[in-house]
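Residue-level listing of the chains:
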Amino acid sequence: MKLFATAAALCLAIAATPALANGPTEKDAIAMVERGVALVKAKGKDEMMKKINAKDAEYVQGELYMDIRDLKTGIVLAHPYNPSIVGKDLTDVPDANGKKYRREIIELAAAKGKGWVDYQYKNPTSGKIEPKTTFIQRVDDVVLEVGIYKK
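Just so we're clear, the structure is a prediction, and the values are computed from it rather than from any experiment.

Visitor: Tell me what's going on with the pairing of strand E6 (residues 142-149), and back it up with residues and numbers.
Guide: Among the 8 residues in E6, 8 count as buried, and that is most of the element. Here E6 shows a buried face lined by Val142, Leu144, Val146 and Ile148 and a second buried face lined by Val143, Glu145, Gly147 and Tyr149. For strand E2 (residues 64-70) and E6, the ladder comprises 5 bridges, and the chain directions are antiparallel. Residue pairing for E6: aspartate 67 is matched across the bridge by glutamate 145. Relative to E6, strand E5 (residues 129-139) runs antiparallel, the two sharing 8 bridges. Paired with phenylalanine 135 across the bridge in E6 is valine 146. Counting the residues that bridge the hairpin from E5 to E6 gives 2 residues, and of these aspartate 140 lies at a positive phi of roughly 55 degrees.

As structure tokens, this is what we get:
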């Protein structure tokens, strides 16, 4: 019976997010960032970091996931799939094509508060380096980032 209840809950979750069944969309990325902004404003960045590290389903859904970076230092504060980069300043480490996209994220967040940044990144689902576009938004002294892999 427990297995049936789990399967039923999973089916409901999948049915409730039809966009994710075909791959996440830009709207999904923006919606996740907006949920994160609301959480940071209500409970602070430490709570957001805990949720990301715990792979909370609100903020980690397969290849659609949130990470958080310090606006001033560029240091990654939490990342659900790559904990080895947490606490590190990778601002000037380029992607596979040589683009310093993390620097672009910080500059965009500082100048405009939010927007999109394109780069190459390892997809946790496929394990391959793929083109990615990430929606970023500054909230207080951090930047929330959620990206989608381009198909």
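Visitor: For the nonpolar core, give the residues involved together with the corresponding values.
Guide: Within the largest apolar cluster, 21 residues are counted, with the highest numbers of intra-cluster contacts made by Met48, Met66, Ile68, Leu144 and Val146. Only helix H3 (26-43), helix H4 (45-53), E2, strand E3 (76-78), E5 and E6 provide two or more residues apiece to this core. Counting residues per element, this core draws most heavily on H3, which supplies 6 residues. Leave out the neighbours within four places in its chain, and leucine 144 touches Val33, Gly36, Val37, Val40, Met48, Met66, Asp67, Ile68, Phe135, Ile136, Gln137 and Val139. Within the second largest apolar cluster, 17 residues are counted, among which are Val76, Ile85, Ile106 and Ala109.

Visitor: Residue-level account of the environment of threonine 133, with values.
Guide: Within the secondary structure, threonine 133 is located in strand E5. Sequence separation of threonine 133 and tryptophan 116 is 17 residues, and the distance between their C-alpha atoms is 6.5 Å. Setting aside chain neighbours within four positions, we find threonine 133 in contact with Trp116, Val117, Asp118, Val146, Gly147, Ile148 and Lys150. In this structure the side chain of threonine 133 is engaged in a polar contact, spanning 2.6 Å, whose partner is the side chain of aspartate 118.

Analysis parameters
- Residues numbered from 1 in each chain as written.
- Predicted model: local features only at pLDDT ≥ 70, side-chain atom pairs only at ≥ 80, totals over all residues.
- Heavy atoms only, no water.
- Buried < 20%, exposed > 50% of the residue type's maximum accessible area, 1.4 Å probe, protein only.
- Helix = DSSP H or I, 4+ residues; strand = E, 2+ residues; numbered from the N terminus.
- Pairing = 2+ DSSP bridges.
- Core = buried A, V, L, I, M, F, W, Y, C linked by side-chain atoms within 4.5 Å.
- Contact = heavy atoms within 4.5 Å.
- Polar contact = N/O pair within 3.5 Å; in protein donor to acceptor, adjacent residues only side chain to side chain.

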